[in-house]
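Close look at the chain arrangement
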Amino acid sequence: MNRGDLLHRGKVKSVWLTDDPGFCIAEFSDTITAGDGAKRDELAGKGALLNSISSIIFERLAEKGVDSHFVRKLSDTEMLVRRAELFALEVVVRNRSAGSLCRRLGLEPNMEIKPPLVEFFYKNDELGDPLLTKDHIRMLNLAEESQVADMERQALAVNQALQQIFGAAGLDLVDFKLEFGLADGKVLLIDEISPDTCRLWVKGTTEGLDKDRFRQDSGDVLAGYREVLRRLEEGA
Ligand code: UDP
């Protein structure tokens, strides 16, 4: 599959057209950002690590019957994906309290959330990705009501499957962010699933192996990501 024109350059990933209009190439860079890009660094080898992790996760999700845009890993830093029109939404699923939920609601971290919480955020850097109610989504015309319901259903199915996948690797899935797009009229899971987009704690502890190390300057970010990959490849 040949790389064509650049379709989209994100803060961390770029998406390229291919000679087949139904497919794109997603390329991971070594950039890491937090706080809507306010904090930023380059970590050599990060793109390859996240491409490997995301590819393994999408493959294992497919084995469990969870569909996504992922077709196959193409190179160290690229994956072939189905083309989709993305919704300007971020869908967050939470199994334990952390991050912005604690700040917003004044909660202690690490409280169990059962059933899991699904939240929608507006993918809009200028506004700082605000939390949205379903009425806001309707008002802003960001997705149809049935599409929102579909995203919620898929997000909870992804959560169940991811809890098994990470659980087998000795990791607790605290929370994560998903993105969805529209392909052939259907709501499709897109983007990446990695320690950049998930909070992953060593089972039974609050030791994070994820991007919180970068957000909080609390440890070796790449060492955490390497440990996630090792655990996924070899089991805990
Ligand atoms: N997240 C993400 N991209 C974003 C915002 C959040 O991948 O733009 C992920 C984040 O890594 C965490 C989950 O979504 O796993 C919930 O993040 P939260 O709302 O707590 O925001 P944070 O405090 O991490 O900025």
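1. What about the site of the ligand?
- Around the ligand there are 16 residues in total, and R94, S100, D175, R199 and R215 lie nearest to it.
- Measuring from an oxygen atom of the ligand, one finds a side-chain N or O atom of S100 at 2.6 Å.
- Coverage of the ligand by the protein amounts to 82% of the 500 Å² it exposes when considered alone.
- Counting only elements with at least two residues in the shell around the ligand, the list comes to β9 (89–96), α2 (99–105), β12 (171–183) and β14 (198–202).

2. Re the environment of N51
- One can find N51 in helix α1 (residues 46–63).
- Distance from N51 to R231, taken between C-alpha atoms, is 15 Å for residues 180 residues apart in sequence.
- In this structure, N51 is in contact with F28, K73, S75, D76, T77, E78 and M79, ignoring residues within four places of it in sequence.
- Within the structure, N51 has its side chain in polar contact with the backbone oxygen of E78 (distance 3.3 Å).

3. Comments concerning the sheet that holds strand β3 (residues 23–28)
- Here five strands make up an open sheet; going across it, the order is β1-β2-β3-β7-β6 and the pairing antiparallel. What marks the edges here is a single partner per strand, and that holds for β1 (3–9) and β6 (70–73). With direction set aside, neighbouring strand axes in the sheet form an average angle of 30 degrees.
- Judged from the five bridges that link them, strand β2 (residues 13–18) and β3 form a sheet pairing that is antiparallel. In the strand pairing of β3, S14 is matched with E27.
- Across the sheet, α1 is in contact with β3, β6 and β7 (78–82); its angle to β6 comes to roughly 130 degrees.

About the cut-offs
Residues numbered from 1 in each chain as written. Predicted model: local features only at pLDDT ≥ 70, side-chain atom pairs only at ≥ 80, totals over all residues. Heavy atoms only, no water. Near = heavy atom within 4 Å. Polar contact = N/O pair within 3.5 Å; in protein donor to acceptor, adjacent residues only side chain to side chain. Areas by Shrake-Rupley, 256 points an atom, 1.4 Å probe, with all protein chains shown as cover. Helix = DSSP H or I, 4+ residues; strand = E, 2+ residues; numbered from the N terminus. Contact = heavy atoms within 4.5 Å. Pairing = 2+ DSSP bridges. Axes fitted to C-alpha atoms, helices over the stretch in contact; angles between N-to-C directions.

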